[in-house]
Amino acid sequence: MFCSCSFTRNIQEANIKYLSGWDQWKQISRKSWRKFVEETKELSSYLKLWRHDIHSIEGKFGTGIQSYFSFLRFLVLLNFVIFLLMFSFVMLPSTVSKHGVFNGSYVEPPLESTEPECTVYIVSGTKGLIYFHTYIIDLLSGTGFLEKTSLFYGYYTVDTVYFGTVRYRVPLAYLLTTLAYLSLSLLWIVKRSVEGFKQSLVRNEDQFQSYCNKIFAGWDFCITDVNAARLKHSSLQYELKTDLEEERLRQRVAERTTQEKVRIYCLRIFLNLIVLAVLSACFYAIYRATVYSQENISCDKKIKLEDNLWIQYLPSIVITMANFIAPLIFSVLIKLEDYSPAFEIRLTLMRCVFVRLANIGVLLFSLWTRITFCVDQKCQACGYNYKLYPCWESRVGQEMYKLMIFDFIIIFAVTVFVDFPRKLLVTHCSWKACRWCGLQEFDIPNNVLEMVYGQTICWIGTFYCPLLPAIATIKYFIIFYVKKISLMHTCKPSSRPFRASSSNFFFLVVLLIGLILAFIPLGLSMTHIRSSKACGPFVYFTHSWDVIAYTINRFPDVLKKVLNSMASEAFAVPFFMVLCLIMFYFMALAGAHKRVVNQLREQLVMESRDKLFLIRKLTEAQRLS
């Protein structure tokens with residue numbers, strides 16, 4: 001082996017001698033750059049966060065559970081990068097200007113077109129004698145002393161910061177940074193999901209190949225723990241049973257009579273109506289809880305600590321209950337719909353995703369109906385309900401802040417006060433009920449849905465609560481160790497198998513759905529709801545998005561003409577046609593690649609048949625001899 005490598009190296013060096021000086025330099029530079037990139041990648045692999053912990057989890061429990069913790073690490077890095085963007089371009093310039101490090105000017109609403117009542121913003125509960133429990137309420141709900149800190153939108157009232165001769169406009173930076181972190185999240189998720197999509201395409205195999213792969217290549221050689229190996233045996237057995245059950249179900253579906261088809265379709269329609277009724281009940285409960293909470297928060301009353309927290313967190317409690325009860329009902333109904341086992345899992349998960357993400361949308365809809373509800377002429381002049389929401393962006397930020405805090409409290413409390421006592425009862429109690437209950441399974445999809453739910457809250461809330469990515473980073477950092485301890489000491493891996501290749505792709509697809517959902521309320525609030533006139537960087541503008549048009553109008557005439565021409569139909573139609581041609585080209589290329597892959601598969605099948613034929617002929621020749 002060493003001789004062959006040295007021989008190859010000598011041939012390459014001899015070929016370089018016959019090249020020109022420029023070609024020799026290019027080839028040597030290319031080799032040096034390739035070596036530098038490989039060494040940098042190898043060094044960066046040692047600097048990865050939780051590298052040793054994730055490898056130990058992979059060794060004990062396999063690649064399926066390892067993919068969940070890798071996904072959690074990705075969310076920590078993503079939120080940390082979002083926090084750096086918000087801190088560098090929004091928080092830091094505003095803070096240094098307010099503390100007099102650099103000169104700056106503050107935003108002022110246009111008085112000739114704004115009612116004076118719209119510009120009044122008084123934070124209640126920050127003056128006079130303040131009790132200790134008030135600080136606890138403020139810390140958990142984001143009110144009081146926290147309301148006018150850099151945590152929320154209302155703090156950022158700086159318009160321009162002067163760095164010498166450079167003018168830094170905070171409103172434009174605020175909006176562009178929001179678009180930047182959403183775009184960065186989209187590109188990062190798409191980049192990571194492409195790899196999983198490629199692996200899912202490779203695994204798109206027929207049933208015979210699926211059986212062969214499970215029997216001959218289904219073992220996970222990362223497993224070193226005896227219990228995990230025993231569980232892997234049972235999971236492979238479960239996969240084979242599931243495949244056989246799907247085969248029997250397909251055969252039974254093909255043999256159904258018309259009467260049986262009508263009966264099953266009517267049953268599915270009825271069960272889906274029940275699903276819609278459950279969803280409607282959840283949405284209505286969230287709407288009523290939000291309205292009740294907002295009405296009672298707005299009243300300036302002296303109430304007890306526990307009553308105040310109950311009112312503050314009522315929407316979060318109702319959303320958490322809906323996220324817990326609805327999936328239980330779905331898991332019962334799906335058994336009656338007579339689907340295949342694999343489709344049962346996918347449909348249940350998609351329903352759970354819809355429930356969790358739609359609940360956030362219903363909460364925001366409930367808030368915005370209250371914000372935009374006006375009864376008098378002064379309120380209509382402001383464009384929003386200035387009496388209840390003098391700074392409505394900060395109020396939305398407080399709701400997102402409470403959802404984030406309550407989600408963390410629930411995850412931590414379930415692990416400490418449910419999983420650990422259950423482990424002790426199962427281990428040390430001899431009652432049949434405890435033995436029958438067993439240990440809590442580490443359910444990968446549900447744990448991922450919890451993370452996606454929290455990340456969607458972070459994406460939506462960062463515009464209204466710029467420090468929310470920092471809170472999310474700390475939250476996921478702690479949850480990593482909470483889930484690791486829970487996995488090691490209180491839970492057992494799920495009996496249903498979950499491959500790393502398919503799970504990574506599934507995680508990122510669900511996360512992409514959450515990101516798309518985050519675009520909708522943010523886009524509507526920027527373009528359709530009037531900005532608060534008493535707080536924030538956009539008091540000069542009717543809507544947040546108007547800062548873009550204001551900035552473009554201050555460009556030179558030549559640049560304005562270029563941008564206007566790019567926004568016109570004369571540019572949009574040819575651009576759309578070019579995009580369609582590029583899309584059709586890549587679709588044709590993908591179809592050609594798919595045909596080549598099918599031909600290669602057919603060749604592999606033919607080669608296996610040829611080998612069987614040759615083996616048969618050799619066996620016959622040996623018998624004759």
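All values derive from a computational prediction rather than experimental measurement.

Novice: Give a detailed account of the overall build of the chain, specifying residues and quantitative values.
Specialist: Counting secondary structure elements, the chain contains 21 helices and 5 strands. Pairs at least 24 residues apart make up 78% of the contacts formed inside the chain by residues separated by at least 6 positions. Of the accessible surface of the chain, which amounts to about 36300 Å², a share of 66% is contributed by carbon and sulfur atoms.

Novice: Lay out the nonpolar core in plain terms, naming residues and giving numbers.
Specialist: Counting 103 residues, the largest nonpolar core has Tyr 68, Phe 69, Phe 71, Trp 392, Met 451, Trp 459 and Phe 463 as the members making the most contacts within it. Sorting elements by how many residues they give to this core places helix α4 (residues 63-98) first, with 13 residues. With sequence-adjacent residues up to four places away left out, Trp 392 is seen in contact with Trp 368, Ile 371, Tyr 384, Tyr 464, Ser 525, Ile 529, Arg 530, Ser 531 and Ser 532. Core analysis: the second largest hydrophobic core is formed by 10 residues, Leu 271, Val 278, Ala 322 and Phe 330 among them.

Novice: Tell me what's going on with the pairing of strand β2 (residues 158-163), and back it up with residues and numbers.
Specialist: Pairing of strand β1 (residues 103-106) with β2 involves 4 bridges; the strand directions are antiparallel. Bridge assignment links Asn 103 to a residue of β2, and that residue is Tyr 162. As paired elements, β2 and strand β3 (residues 166-169) share 4 bridges and run antiparallel to each other. When the sheet's bridge partners are listed, Tyr 162 is paired in β3 with Arg 167. As consecutive antiparallel partners, β2 and β3 are separated by 2 residues, and within that stretch Gly 164 has a phi angle of approximately 70°, a positive value.

Novice: A description of the pattern of salt bridges should follow, citing residues and the corresponding values.
Specialist: On inspection of all chains with the given rule, the structure shows 6 salt bridges. For Glu 337, the salt bridge identified is with Arg 351, shortest N-O distance 3.1 Å. Highlighted residues: Glu 337 in the loop between α11 (314-336) and α12 (341-371) and Arg 351 in helix α12, separated in sequence by 14 residues. What makes Glu 337 buried here is its relative accessible area of 0%. Across the pair Lys 483 and Glu 450 runs a salt bridge, and its minimum N-O distance is 3.7 Å. With a gap of 33 residues between them, Lys 483 in helix α17 (residues 468-489) and Glu 450 in helix α16 (residues 444-461) connect regions that are remote in the sequence.

Novice: Outline the state of the cysteines, listing residues and values.
Specialist: Across all of its chains, the model carries 1 disulfide by this definition. Disulfide pairing places Cys 391 opposite Cys 535 at an S-S distance of 1.9 Å. One quick way to see it: the torsion about the S-S bond of Cys 391 and Cys 535 is about 90°, and its sign makes the bridge right-handed. Note that Cys 391 is positioned in the loop between α13 (377-382) and α14 (392-428) and Cys 535 in the loop between α18 (500-527) and α19 (546-553), a separation of 144 residues in sequence. Classification of Cys 391 as buried rests on a relative accessible area of 4%. The thiol of Cys 458 is unpaired, and the distance to the nearest cysteine sulfur, on Cys 465, comes to 9.0 Å. According to the relative accessible area criterion, Cys 458 is buried, its value standing at 0%.

Novice: Hey, could you go over the packing of aromatic side chains for me, with residue numbers and the actual values?
Specialist: The final tally for this structure, using the stated rule, is 28 aromatic pairs. Centroid distance Phe 152 to Tyr 401: 6.0 Å. Interplanar angle 75°. Geometry classified as edge-to-face. A residue pair is termed long-range when its members are at least 10 positions apart, and Phe 152 in the loop between α5 (132-141) and β2 and Tyr 401 in helix α14 qualify at 249 residues. Judged by relative accessible area, which is 0%, Phe 152 ranks as buried.

Novice: Tell me about the environment of Phe 83, residues and numbers included.
Specialist: Structurally, the position occupied by Phe 83 is in helix α4. Linking Phe 83 and Tyr 181, residues 98 residues apart in sequence, is a C-alpha distance of 9.1 Å. Not counting residues up to four positions away in its chain, the partners in contact with Phe 83 are Leu 467, Pro 469 and Ala 470.

Novice: So, the sheet that holds β2: which residues are in play, and what are the values?
Specialist: Read across the open sheet, the 3 strands follow the order β1-β2-β3; overall the sheet is antiparallel. Two strands close off the open sheet at either side, each with one partner strand: β1 and β3. Within the sheet, the average angular offset between the axes of one strand and its neighbour, ignoring direction, is 20°.

Novice: Give a detailed account of a nonpolar patch on the surface, specifying residues and quantitative values.
Specialist: On the surface, Val 558, Leu 559, Val 562, Met 566, Phe 571, Phe 575, Val 578, Leu 579, Ile 582, Tyr 585, Phe 586 and Leu 589 cluster together into a nonpolar patch covering about 1100 Å² of accessible area. Among the secondary structure elements, those contributing two or more residues to the nonpolar patch are α20 (557-566) and α21 (569-624). The biggest single contributor to the nonpolar patch is α21, with 8 residues. The topology assignment puts Tyr 585 in helix α21.

Novice: So what's going on with the packing of α16 against α17? Residues and values would help.
Specialist: At a closest axis distance of 9 Å, the pairing of α16 and α17 adopts a crossing angle of 165°. One way to sum up the angle between α16 and α17 is to call them roughly antiparallel. As α16 runs across α17, the sense of the crossing is right-handed. Between α16 and α17, the residues in contact are Asn 447, Glu 450, Met 451, Gly 454, Gln 455, Ile 457, Cys 458 and Gly 461 and Leu 468, Pro 469, Ala 472, Lys 475, Tyr 476, Ile 479 and Lys 483, respectively.

Novice: Can you explain the side chain of Thr 290? Please cite residues and give values.
Specialist: In this fold, Thr 290 is placed in helix α9 (residues 258-298). Looking at Thr 290, the relative accessible area reads 0%, which means it is buried. At a separation of 2.7 Å, a polar atom in the side chain of Thr 290 contacts the main-chain carbonyl oxygen of Ile 286. For Thr 290, the contacting residues outside a window of four places in its chain are Pro 315, Leu 363, Ser 366 and Leu 367.

Novice: Summarise the packing of α14 against α16; cite the residues concerned and give the values.
Specialist: When two helices pack together, their arrangement is captured by the angle between the axes and the distance separating the axes. The contact between α14 and α16 brings their axes to 9 Å, and the two run at 160°. When the axes of α14 and α16 are compared, the pair comes out roughly antiparallel. The handedness of the crossing between α14 and α16 is left-handed. Contacts between α14 and α16 involve Met 400, Leu 403, Met 404, Asp 407 and Ile 411 on the former and, on the latter, Glu 450, Met 451, Tyr 453, Gly 454, Ile 457, Cys 458, Ile 460 and Gly 461. A per-class count over the contact of α14 with α16 returns 9 nonpolar, 2 polar and 2 charged.

Cut-offs used in this document
Residues numbered from 1 in each chain as written. Predicted model: local features only at pLDDT ≥ 70, side-chain atom pairs only at ≥ 80, totals over all residues. Heavy atoms only, no water. Helix = DSSP H or I, 4+ residues; strand = E, 2+ residues; numbered from the N terminus. Contact = heavy atoms within 4.5 Å. Areas by Shrake-Rupley, 256 points an atom, 1.4 Å probe, with all protein chains shown as cover. Core = buried A, V, L, I, M, F, W, Y, C linked by side-chain atoms within 4.5 Å. Buried < 20%, exposed > 50% of the residue type's maximum accessible area, 1.4 Å probe, protein only. Pairing = 2+ DSSP bridges. Salt bridge = Lys/Arg side-chain N within 4 Å of Asp/Glu carboxyl O. Disulfide = S-S within 2.5 Å. Phe/Tyr/Trp six-rings, centres within 6.5 Å; stacked < 30°, edge-to-face > 60°. Axes fitted to C-alpha atoms, helices over the stretch in contact; angles between N-to-C directions. Patch = residues over 30% accessible without salt bridge, like charges linked within 9 Å, V, L, I, M, F, W, Y side chains within 5 Å. Parallel < 35°, antiparallel > 145°, perpendicular 65-115°, else oblique. Left-handed = near helix turned anticlockwise from the far one by under 90°. Polar contact = N/O pair within 3.5 Å; in protein donor to acceptor, adjacent residues only side chain to side chain. Nonpolar A, V, L, I, M, F, W, Y, C, P; charged D, E, K, R; others polar.

By themselves, these observations are geometric and do not establish any function.
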